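Residue-level structural notes
Below are the chains, spelled out letter by letter.
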Amino acid sequence: MHSRFIFSFITLSILSSFNATALQTKDIKALEEETPESAKNNKIEKIRVVGSKDAGLELSSDKILKVPGAGNDPIRAIESLPGIVLARGFAPAVRGSSPEDMYYQSDDVPVGNVFHIDSFSTFHPNLIRSFELKTGAWEPEFNDAIGGVIDTRLKDPEIVDPTAIFDISFLRTGLLFESKINENSAFYFAMRQSLVHLYIEKVLDDEEQFEFDQAPINNDYQFKYVNYIDDNNKLTVQATGSNDEVALLFDDDADEVLQNPDLKGGIGVDQYYHNQSVIWTNYSSFGETKTIVNRLERSGDIVIGRLLDLDATTTDYMFKVKNNQDVADGLLHSGIEVRSQTVDYSVTGKQQPCNNEFEVCPPSYYADTEFESSEIDINFYNLYADYDWDINSDWSSRLGVAYSYNDYTEETFIEPRLTLRYQLNDEYRLKLAAGQHHQWFRQYKYLSDTFGAPDLKLSQSNHYVLGIEYLGESDWAWRLETYYKDMDELVVSNPDLQVTSLGGVPSGSQDSNYLNEGVGDAYGVELLINKAISNDWYGWLSIAYSKTERVNQITGEEFSYQYDLPWIINLVSNYEINERWQIGGRWRMQSGSLYTPIVGADPVYPQSDNGQPDTSQPPIFYDPVEAAFNSDRLEYFHRLDIRLDYETTLWGKEANIYFEVLNLYGQKSVQGYEYNADYSEREEEYQFPESPIPSIGLQIVF
C-alpha cells in the first residue's frame, strides 16, 4: 500500500463521514419470480436478481450476497447496477450527482451511516431482505435528495427456535442470533466487528510516512422485535447503530505535511450513530397504516491537523404516519412526517470558504483560524400523496405531490411527481417520468454563522426519464432508459472571501462565505439486460453512457463534473455447478476519472518584518499552479473479480465457505498522481488492489 492511497482514502472518508445535519409502488409486472418451496426452505431462490421499479432498480434474495468483489456485503453490489459511480471506493454517486446528494432509508426510517470508513455497509448481510436504488423522479415519500435514494428492507424475525449465524473473514467477524419469544413474537440481534486493525500495520510498506495513532476499527449492530398482536396489528421495535474510529499521525517530513503544513499532527475521526424506532402497523378498511416514532443521534469528532477540529452531535426526533389503501381502480399512498432536529457543535478551523466540487481550494495555510460553538434547532414538516391507477387496459399512471417546509430557511416546496406507463403489448412497456426534488444541506458548515452562510437556499433539481422495458415470460428481461436532469441553487464558495496569499486579506466585504450560484445538468442512456436463473446460471449486463456538467455563475467557468465517467459497463454472472458449488464473476469497465493537472508551483516564503517574502529562508511550502479545473482524464479502468462458494456442513451445522479473488488478472489502473514537496516530480498512484488479492470467508448456521 502507498501512503498517498491510504491518506487520500481516509481523508476523503473523514471529510464526508460526518453530516451534522442528519438526512433524512405498485408494479404492473415485477421481474421477480419466487418459488414458494425455496422461500420456505431458505434456499437459493428461483427469482430474478434485478427487479423493475418505477423509480429505479431493486436487488433481492440471498443472491446479492454472492456478487463477486462485494465481500459478502449486499449493498456494495450496487456498483454493478447501471451508471453507478463509486466515490472513495464505496459511496454511490447517481446520474451526475455527488454521493452527498443521496438519501438513505431502512424500514421507513432514515439511516445514520450506511457505510463504514473501510467501505463496508453497516448492516449484517443476512438481514438485508432487499434494497432498491431509486435513480430519478421517485415517489414523493422521499423528498430529501437530488441524486438518488437507497431504500433498504431488513427481514422481520421469524417464529423459529433459537438460531445463530457466525461468520468470519480476514476483514470482519459477525454474529446473528434469532429466536421466537412465543407463538406471536420473535426477535433478532446482530453485531459485527472489523478485524483490519489487528494486522494493517504489518502489511504497510516500510516507506510509509505516517503511523496509526488509532488503526481503523469499526462495529455495528441491529436489533428488531416483532409482536403480531392479532391479525390486524403488528408492533415492531428496532434499533441500529455503528461506530468508526481511525487516526493517522504524519511524520514531520511527510510529503503531505510539506505540501500542506496544516496537516502537521495528523488526521482522525471518531464517529457513531444510534437509531431507535417503534412502528405500529394496522390493517383495516382504510388499508395499511404505519405509525412511526423514531430517534436518531449522530456524533462525530473530526481532527484534520490544524485545519479542522470539530466535535458535533445531531439529534433527530421524528413522528411519521403513512397509509396505503385501495381507492377505486388504484392504490393511494399518503403520509405525514414531522421532524425536530438539534445540531450541537463546537469547531476550530481555518476560515477558507471552498467547495471542491467547483474549484481547487486555495491553501488553508493562508487563512486565519476561527472558533465557533453553537446549537441550532430546526423543524421540518412533510406531507405527500400519490395515486397509482390503471387508466385503461393500456395506460397506467402514478401521480403524486410532496409538500415540505422548514423553519430555518423558511422555504416551502410543492413538488409534483408523475409517471406514465403505456403497455405496447403483453411483453413491452413504455415509461415516462418527471419530478421535482430538493435537499437539505449535507454539511454543517453551511449552517454556521462563522464558517457558512445562513442565508443559503436549498439545492433543487428536475428529473426527466423515458424508458422501454421487456416484461416477457422468458428468463430474459431488459430495460433501456434515457434521462435528463438539471440542478439549480447549487452551493459555491464566495471568491471575494478567500485568502490566496500569505498575509493576504479577503478582497470583498460581503459576509456570505457561500452562495447559491452553481447550476448543472446531467443526461445519459442506460441499458440493463437481466437473465433470471435457469439452466443453473443467472446474471446481468449493464451499459451506461452519460455526461454531466457544472457552471459556476460567479466565475463563469463551465467544466465537466468530477464524477463524470461517460462509459460504465458491468457484467455479472453466477453458475451453479451442483448443489454444493457455485462460481461467479464480475467484470467492470469505466472511463477514467477527471483530474486537474498541476503545471508548476510557487514557493511560499516566510514574511519579513516589512511584510515582504524573506527569500533567504527556506520556503514554508509550495503553492501548486493548476491547469483548468477537471481538464484532464485518466486512462480507462477495468477489473475482474471472481468468487467460489461451497455449501457444506461443519460440526454438523450448515456452513458456507467462500473464496474471492479481486482483480484476477492484475490490472494496474491509475487513480491519480503523487507529487513531491515542490511538485516538480510525480508518480502514478494505482487503484487498490494493484495485483490479485485473494480472500476467504466462513459462515456457519447454528
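Residues numbered from 1 in each chain as written. Predicted model: local features only at pLDDT ≥ 70, side-chain atom pairs only at ≥ 80, totals over all residues. Heavy atoms only, no water.

1. Re the overall build of the protein chain
- Per the secondary structure count, the protein chain includes 4 helices and 37 strands.
- With 702 residues in all, the protein chain has 56% of them scored as buried. (Helix = DSSP H or I, 4+ residues; strand = E, 2+ residues; numbered from the N terminus. Buried < 20%, exposed > 50% of the residue type's maximum accessible area, 1.4 Å probe, protein only.)

2. Digging into the state of the cysteines
- This structure, assessed with the given rule, holds 1 disulfide.
- Note on cysteine connectivity: C354 is disulfide-linked to C361, with sulfurs 2.1 Å apart. Of note, the bridge from C354 to C361 carries an S-S torsion of about -90 degrees and is left-handed in sense. (Disulfide = S-S within 2.5 Å.)

3. Some points on the nonpolar core
- If you look at the biggest cluster of nonpolar residues, it comprises 37 residues, and the most contacted ones within it are L310 and Y345.
- Counting 23 residues, the second-largest nonpolar core is a separate cluster that includes L81, V94, V114 and F115. (Core = buried A, V, L, I, M, F, W, Y, C linked by side-chain atoms within 4.5 Å.)

4. Examining the pattern of salt bridges
- Per the counting criterion, the structure on display carries 38 salt bridges.
- Its salt-bridge partner being E415, residue R417 comes within 3.2 Å of it at the nearest N-O pair. The two residues R417 and E415 agree in class, both being buried.
- Each of D108, E141, D151, R153, K290, K320 and K322 takes part in a single network of salt bridges with overlapping partners. (Salt bridge = Lys/Arg side-chain N within 4 Å of Asp/Glu carboxyl O.)

5. A closer look at the pairing of strand 9 (residues 163-169)
- Note: strand 9 against strand 10 (residues 172-182), 6 bridges, orientation antiparallel. For T163, the partnering residue across the bridge sits in strand 10 and is E178.
- Counting the residues that bridge the hairpin from strand 9 to strand 10 gives 2 residues. (Pairing = 2+ DSSP bridges.)

6. Considerations on the packing of aromatic side chains
- Taken as a whole and judged by the stated rule, the model has 26 aromatic pairs.
- Through successive ring pairs, a cluster of aromatic residues spans F380, Y408, W440, F441, Y446 and Y514.
- Over the ring of W537 we find K531, and its NZ or CZ is 4.5 Å from the ring centre.
- Lying over the aromatic face of Y686, K668 brings its terminal NZ or CZ to 4.5 Å of the ring centre. (Phe/Tyr/Trp six-rings, centres within 6.5 Å; stacked < 30°, edge-to-face > 60°. Lys NZ or Arg CZ within 6 Å of the ring centre and 35° of its normal.)

7. Some words on the side chain of D388
- Here D388 lies in strand 18 (residues 369-390).
- Looking at D388, the relative accessible area reads 0%, which means it is buried.
- Of note is the side chain of D388, whose polar atom sits 2.5 Å from the side chain of R421. (Polar contact = N/O pair within 3.5 Å; in protein donor to acceptor, adjacent residues only side chain to side chain.)

8. Some thoughts on the side chain of E526
- With respect to the helices and strands, the residue E526 is situated in strand 24 (residues 514-534).
- Its relative accessible area of 5% is what places E526 among the buried residues.
- A polar atom in the side chain of E526 sits 2.9 Å from the side chain of R95.
- Once residues lying within four places of it in the same chain are set aside, the contact partners of E526 are P82, G83, R95, R479, L480, E481, Y483, I543 and A544. (Contact = heavy atoms within 4.5 Å.)

9. Looking at the confidence of the model for the protein chain
- Looking at the protein chain, pLDDT values average 86 and 89% of them are 70 or higher.
- Of the regions scoring below 50 in pLDDT, residues 1-50 engages in 182 contacts with residues more than four places distant in sequence or in other chains. (pLDDT = per-residue confidence, 0-100.)

10. Digging into the pairing of strand 17 (residues 330-350)
- Sheet analysis places strand 16 (residues 308-327) next to strand 17, joined by 20 bridges and oriented antiparallel. Bridge pairing in strand 17 links A312 to Y345.
- Counted between consecutive antiparallel strands, the loop separating strand 16 from strand 17 contains 2 residues, among which A328 sits at a positive phi close to 55 degrees.

11. Comments concerning the environment of W478
- Locating W478 in the fold gives a position in strand 23 (residues 476-493).
- A sequence separation of 50 residues divides W478 from L528, and the C-alpha atoms of the two residues are 5.4 Å apart.
- If sequence neighbours within four positions are ignored, W478 has contacts with Y428, I468, E469, Y470, L528 and I529.

12. Remarks on unusual backbone geometry
- Note that the residue after F688, namely P689, is joined by a cis bond; omega there is 0 degrees.
- One can find P689 in the loop between strand 36 (682-686) and strand 37 (693-701).
- Positive phi, close to 75 degrees, is recorded for D108, a residue that is not glycine.
- Secondary-structure assignment places D108 in the loop between strand 5 (102-106) and strand 6 (109-110).
- Assessed through its relative accessible area of 1%, D108 is described here as buried.
- A positive phi angle, near 90 degrees, is found at S119, a position not held by glycine.
- Among the structural elements, S119 can be located in the loop between strand 6 and strand 7 (128-134).

13. Digging into the environment of V572
- When you line up the elements, V572 lands in strand 27 (residues 567-576).
- For V572, a relative accessible area of 4% corresponds to the buried category.
- Sequence spacing of V572 and L640 is 68 residues, and the spatial spacing of their C-alpha atoms is 9.9 Å.
- Beyond its immediate sequence surroundings of up to four residues, V572 is in contact with S80, Y538, G539, W540, G585 and R586.

14. Notes on a nonpolar patch on the surface
- Among the surface-exposed residues, V278, V293, F319, I336, V338, Y381, L383, V401, Y403 and I414 lie close enough to one another that they form a single nonpolar patch of about 810 Å² accessible area.
- Broken down by secondary-structure element, the contributors of at least two residues to the nonpolar patch are strand 17, strand 18 and strand 19 (395-406).
- Its place among the elements puts V338 in strand 17. (Patch = residues over 30% accessible without salt bridge, like charges linked within 9 Å, V, L, I, M, F, W, Y side chains within 5 Å. Areas by Shrake-Rupley, 256 points an atom, 1.4 Å probe, with all protein chains shown as cover.)

15. Re a negative patch on the surface
- Negative charge collects at one region of the surface, where D270, D301, D309, D311, D344, E375, D377, D407 and E410 lie side by side.
- Of all the elements in the fold, those that place two or more residues in the negative patch are strand 16 and strand 18.
- As for its placement among the helices and strands, D301 is situated in strand 15 (residues 287-304).
- Looking at D301, the relative accessible area reads 34%, which means it is partly exposed. (Lys, Arg positive; Asp, Glu negative; His and termini not counted. Charge placed at Lys NZ, Arg CZ, Asp CG, Glu CD.)

16. Quick notes on the environment of D220
- The topology assignment puts D220 in strand 12 (residues 210-230).
- In sequence terms D220 and N243 are 23 residues apart; their C-alpha atoms lie 6.3 Å from each other.
- Within the structure, the side chain of D220 is placed 2.9 Å from the side chain of R192, a separation counted as a polar contact.
- In terms of polar contacts, D220 uses its side chain to reach the side chain of Q222, at 3.5 Å.

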